[in-house]
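Overview (structure and organization)
Each chain, letter by letter, is given below.
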Amino acid sequence: MTETVTYSTLLLTLLMIVGLVFFIRASTKDRIETLTLARPVAPLALLQTLTAHFEERAYRRVTAAEVETQRIVLRGRVRPSLFLAGFLTLLAAIGGLCFALVLNNLWPAYGAVFLGLVGLAPVAGWFYWRGSDRDEDVILQVRPEASSEDPINPSATVTVTAHRDELIALERGINSGQNP
């Protein structure tokens, strides 16, 4: 191989390592989103239904319902995924091996030392495990709609602020005809 090919391979491998580091960092990022739902039910009934839904999903109530704002905060423990920790460790091991092989081509005398980069791979799994084990909040805020003055046909709008996966599960429950 020519020296130009080796150095360009090194550059591409360094870019891959940068992408890998950002991917590992993103694995612990909060993915909080907001969902607004409008339902033709009384505001208090909607709040009770959503609270029951999240309590079934292992969330517990942190604050009582504030009467004037009709807001409830629930908290649940997010457990890290053993599969994702292993996957990130595997990706880091492959990335370290690729980087070690490129460095070995550049400086063959230190080849065995460069293979030590593969030994750093468990740090990726540890970083994910440490950063993903946390409490997350679900905030439910119900606002009666302006047209909800009609006692026969009440309606309410709820704003749910939670992790993206919880909102997907809530929408799935709504679309499948379950309570929420």
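Structural notes, computed from the coordinates. (Residues numbered from 1 in each chain as written. Predicted model: local features only at pLDDT ≥ 70, side-chain atom pairs only at ≥ 80, totals over all residues. Heavy atoms only, no water.)

Turning our eyes to something else, we now look at the environment of Gln-141. You can see Gln-141 is positioned in strand 4 (residues 134–144). Expressed as a C-alpha distance, the spacing of Gln-141 and Thr-159, which sit 18 residues apart in the sequence, is 5.2 Å. (Helix = DSSP H or I, 4+ residues; strand = E, 2+ residues; numbered from the N terminus.)

A word on a nonpolar patch on the surface. On the surface, Phe-23, Phe-83, Phe-87, Leu-90 and Ile-94 cluster together into a nonpolar patch covering about 520 Å² of accessible area. Counting residues per element, the nonpolar patch draws most heavily on helix 3 (residues 82–106), at four residues. Of note, Phe-83 is situated in helix 3. By relative accessible area, Phe-83 is classed as exposed at 64%. (Patch = residues over 30% accessible without salt bridge, like charges linked within 9 Å, V, L, I, M, F, W, Y side chains within 5 Å. Areas by Shrake-Rupley, 256 points an atom, 1.4 Å probe, with all protein chains shown as cover. Salt bridge = Lys/Arg side-chain N within 4 Å of Asp/Glu carboxyl O. Buried < 20%, exposed > 50% of the residue type's maximum accessible area, 1.4 Å probe, protein only.)

Right, let's talk about the packing of aromatic side chains for a bit. Scanning the model with the defined rule gives four aromatic pairs in all. Ring geometry for Phe-54 and Tyr-59: centres 5.9 Å apart, planes at 85°, overall edge-to-face. With 6.1 Å between their ring centres and 10° between their planes, Phe-83 and Phe-87 make a pair best called stacked. Taken together, the residues Phe-83 and Phe-87, both in helix 3 and four residues apart, mark about one turn of the helix. Among the aromatic residues, ring-to-ring pairing joins Trp-107, Tyr-110 and Phe-114 into one connected group. (Phe/Tyr/Trp six-rings, centres within 6.5 Å; stacked < 30°, edge-to-face > 60°.)

You will see that Ala-58, though not glycine, has its phi angle at about 75°, which is positive. On the secondary structure map, Ala-58 appears in the loop between helix 2 (43–56) and strand 2 (60–66). We classify Ala-58 as exposed; its relative accessible area is 62%.

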